[in-house]
Amino acid sequence: MDNDRLVICRKCIEDFKSIPYTTPFQYRGLYTNFKVPDDNLCNICKEKLYITEVTKDEIKILYSISHDNSFLHEMIKLKETDPIEYQLKLSQFKNHVQQQKMAQEEQNTNRLKCPYCNSTNVRKIGSGERAMSVLGWGLLSKKINKSFKCNNCGGTF
Ligand SMILES: [Zn+2]
Ligand SMILES: [Zn+2]
């Protein structure tokens, strides 16, 4: 048996269609996190398990798009009926995941942290506010050369 292939129970994947994906992981007909039984029969309904064309790497990509059983089942069927269309969709999904990852990383690097309390709840101090601080405290104000204020601890930096 090919270990890289996703194994499913075709009965359970339909029966558990409406069960949302939750953590801790709940069995929904897909043997992604479960060991495939040696007798190749479903743990739950004892139907013969089905080895799909979908690889475990691919299922990770599919999972990052949706955990919906109907969607997964459609994609599993699509690989069998129209592998070209399947690959096309998969590469779109991959791009989507990649873009999301990049956007996330960009957000993380752009996100300033307060050097005092590590909070990311910081804002840029506007020029008006700086002018106010000059007026209020004169040139001694420490705020003058600082342009960010932490909304958490109130520190400026
Ligand atoms: Zn089953
Ligand atoms: Zn702070």
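Nothing here was measured: the structure is a model prediction, and the numbers come from that model.

## Description of the overall build of the chain
Logical step 1: Along its length, the chain carries five helices and four strands.
Logical step 2: Mapped in sequence order, the helices and strands of the chain form the string β-α-β-α-α-α-β-α-β.
Logical step 3: When burial is assessed residue by residue, the chain has 16% of its 157 residues classed as buried.
Logical step 4: Contacts in the chain between residues far apart in sequence, at least 24 positions, make up 62% of those at least 6 positions apart.

## Some words on the confidence of the model for the chain
Logical step 1: Across the chain, the average pLDDT comes to 85, with 83% of residues at or above 70.
Logical step 2: When the criterion is pLDDT under 50, residues 139-143 qualifies, and its contacts beyond four places in sequence or with other chains add up to five contacts.

## Details of the nonpolar core
Logical step 1: One finds Ile8 and Leu49 to be the most contacted residues of the largest nonpolar core, which totals 14 residues.
Logical step 2: Mapped by element, the contributors of at least two residues to this core are strand 1 (5-8) and helix 3 (69-81).
Logical step 3: Filtering out sequence-adjacent residues up to four positions away, Leu49 remains in contact with Val7, Ile8, Cys9, Tyr31, Val36, Asn40, Leu41 and Cys42.

## So, helix 3
Logical step 1: Here helix 3 is 13 residues long and its end C-alpha atoms lie 18 Å apart, about the 18 Å a rise of 1.5 Å per residue gives.
Logical step 2: Three or more residues of helix 3 are buried, namely Asn69, Leu72, Met75, Ile76 and Lys79. End-on view of helix 3: buried residues confined to an arc of 130°, all on one side of the axis. Turned more than 90 degrees away from the buried face of helix 3, the exposed residues are Ser70, Phe71 and Thr81.

## Description of unusual backbone geometry
Logical step 1: A positive phi is found at Lys46, a non-glycine position, where the angle reads about 65°.
Logical step 2: Note on placement: Lys46 falls in the loop between helix 1 (10-15) and strand 2 (50-55).
Logical step 3: Phi is positive for Asn118, which is not a glycine, with a value near 70°.
Logical step 4: When you line up the elements, Asn118 lands in the loop between helix 4 (83-110) and strand 3 (122-124).

## Here's the deal with the environment of Leu78
Logical step 1: Here Leu78 shows up in helix 3.
Logical step 2: Overall, Leu78 belongs to the partly exposed group, with 19 C-beta atoms counted inside 10 Å.
Logical step 3: In sequence terms Leu78 and Lys89 are 11 residues apart; their C-alpha atoms lie 9.9 Å from each other.
Logical step 4: Excluding residues within four positions of it along the chain, Leu78 makes contact with Glu85 and Tyr86.

## Thoughts on the environment of Ser18
Logical step 1: You can see Ser18 is positioned in the loop between helix 1 and strand 2.
Logical step 2: The spatial distance from the C-alpha of Ser18 to the C-alpha of Arg28 is 9.2 Å, given a sequence separation of 10 residues.

## Describing the environment of Tyr63
Logical step 1: Relative to the helices and strands, Tyr63 is located in helix 2 (residues 56-65).
Logical step 2: With 42 residues separating them along the chain, Tyr63 and Tyr21 place their C-alpha atoms 9.9 Å apart.

Here is what the cut-offs are and how they apply
Residues numbered from 1 in each chain as written. Chains lettered and ligands numbered in written order. Predicted model: local features only at pLDDT ≥ 70, side-chain atom pairs only at ≥ 80, totals over all residues. Helix = DSSP H or I, 4+ residues; strand = E, 2+ residues; numbered from the N terminus. Buried ≥ 20, exposed ≤ 12 C-beta atoms within 10 Å, placed from the backbone. Contact = placed C-beta atoms within 7 Å. pLDDT = per-residue confidence, 0-100. Core = buried A, V, L, I, M, F, W, Y, C linked by C-beta atoms within 7 Å. Expected span 1.5 Å × (residues − 1). Arc of directions from axis to C-beta.

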